[in-house]
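# Topology and contacts: notes
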Amino acid sequence: MARSFTGGCSCGSVRYECSVDPLFTANCHCRDCQRASGGGFVSVLGVPRDALKINGEVRYFEVKGDSGKMVSRGFCPNCGSRLFSQPAAAPTMIGIMAGSLDDSGWYRPAMDFYTASAQPWVCMDPALPKFPKMPPMGPNR
Ligand SMILES: [Zn+2]
Ligand SMILES: [Zn+2]
């Protein structure tokens, strides 16, 4: 995996830079990620909050996640691109939407979360570990 990586929103007003390897990578199939993204699931990478440098204004929308805990979903107020997930239960961690990476070629999801609510029209990689809800070591998104 990449040692450091960069990314940002569609319009370029939000840019970020991370200097460490992700703590985890996963596809999240919870209903909330489906609604927030408008897609079948969200591919995310979790990094330590203090290893992520964000430039530009990010607006956060707070929602109660499927875990029952609050999640702040960060997006660019100019173009609406979803960028981050900040779970209230894990304030030292932040989730980055993999599609916002400048170079997403190295990204590989390592597991599927919340497969209990996965859409029947989404094809999951059978080789990846599956968790019907959040895995025990998970960040409670
Ligand atoms: Zn933008
Ligand atoms: Zn989710």
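Counting restarts for each chain, with residues numbered from 1 along the sequence as it is written. Following the order in which they are written, the chains are lettered starting with A and the ligands numbered starting with 1. Only residues with pLDDT of at least 70 get local features here, since the model is predicted, and only at 80 or more are side-chain atom pairs given and counted; chain-wide, interface and lining totals rely on the full set of residues. Only hydrogens and water are set aside when side-chain values are computed; all heavy atoms of the structure are taken into account.

Here the zinc ion (ligand 2) is held by Cys28 (SG), Cys30 (SG) and Cys33 (SG), and the distances to it run 2.1 to 2.3 Å. Counting along the primary sequence, the residues that act as donors to the zinc ion (ligand 2) give the motif C-x1-C-x2-C. Cysteine 33 carries the same exposure label as cysteine 28, and that label is buried. Each metal site lists N, O and S donors within 2.8 Å (3.2 Å for Na, K and Ca). With water left out of the atoms, a site can look as if it is missing ligands. Throughout, exposure labels follow a simple rule: accessible area from a 1.4 Å probe, protein chains only, divided by the maximum for the residue type, with under 20% read as buried, over 50% as exposed, and the rest as partly exposed.

A pair of strands counts as paired when DSSP detects no fewer than two bridges linking them. Helix and strand labels come from DSSP, where a helix needs a run of H or I of at least four residues and a strand needs a run of E of at least two; each type is numbered from the N terminus. Pairing within the open sheet is antiparallel, and its three strands lie in the order β1-β2-β5. The open sheet has two free edges, formed respectively by β1 (5-8) and β5 (52-55), since each of these has just one partner strand. Put simply, the sheet's adjacent strands are angled 15° from each other on average, direction ignored. By the bridge criterion, four bridges tie strand β2 (residues 15-18) to β5 in an arrangement that is antiparallel. Here the axes come from fitting lines to C-alpha atoms, over the contacting stretch only for helices, and the angles between their N-to-C directions go from 0 to 180 degrees.

With that out of the way, let us pick up the pattern of salt bridges. Salt bridge, as used here: a side-chain nitrogen of Lys or Arg that lies within 4 Å of a carboxyl oxygen of Asp or Glu. By the definition in use, this model includes three salt bridges. Aspartate 32 is the partner of arginine 73 in a salt bridge, and the nearest nitrogen-oxygen pair spans 2.4 Å. You can see arginine 73 sitting in strand β7 (residues 70-75) and its partner aspartate 32 sitting in helix α1 (residues 31-37), a full 41 residues away along the chain. In terms of burial, arginine 73 and aspartate 32 fall into one category: buried.

Right, let's talk about the nonpolar core for a bit. Phe5, Tyr16, Leu45, Leu52, Phe84, Ile96 and Leu101 are the most contacted members of the largest nonpolar core, which has 19 residues in total. Aside from chain neighbours lying at most four places away, what touches isoleucine 96 is Phe5, Tyr16, Ser43, Val44, Leu45, Val47, Leu52, Leu83 and Phe84. Side-chain atoms within 4.5 Å are what join buried Ala, Val, Leu, Ile, Met, Phe, Trp, Tyr and Cys residues into a set we call a nonpolar core. In terms of nonpolar packing, the next biggest core, distinct from the first, is built from 14 residues, Cys30, Cys33, Met93 and Phe113 among them. Any two residues whose heavy atoms approach within 4.5 Å at even a single point are treated as in contact.

Turning next to unusual backbone geometry. Residues other than glycine seldom take positive phi values, yet tyrosine 114 does so here, at roughly 50°. As for its position among the elements, tyrosine 114 is in the segment after β10 (112-113).

What follows deals with the coordination of the zinc ion (ligand 1). At the metal site, the zinc ion (ligand 1) is ligated by Cys9 (SG), Cys11 (SG), Cys76 (SG) and Cys79 (SG), and these contacts range over 2.3 Å. The sequence pattern formed by the donor residues of the zinc ion (ligand 1) is C-x1-C-x64-C-x2-C. Given a relative accessible area of 30%, cysteine 79 falls into the partly exposed group.

Here the focus is the sheet that holds strand β3 (residues 24-28). With mixed pairing, seven strands are arranged side by side in an open sheet as β6-β7-β8-β9-β4-β3-β10. The sheet is open, and its two borders are formed by β6 (59-64) and β10, each paired with just one other strand. With five bridges joining them, strand β4 (residues 42-48) and strand β9 (residues 93-97) adopt antiparallel strand pairing. Following the sheet pairing, glycine 46 is matched in β9 by glycine 95.

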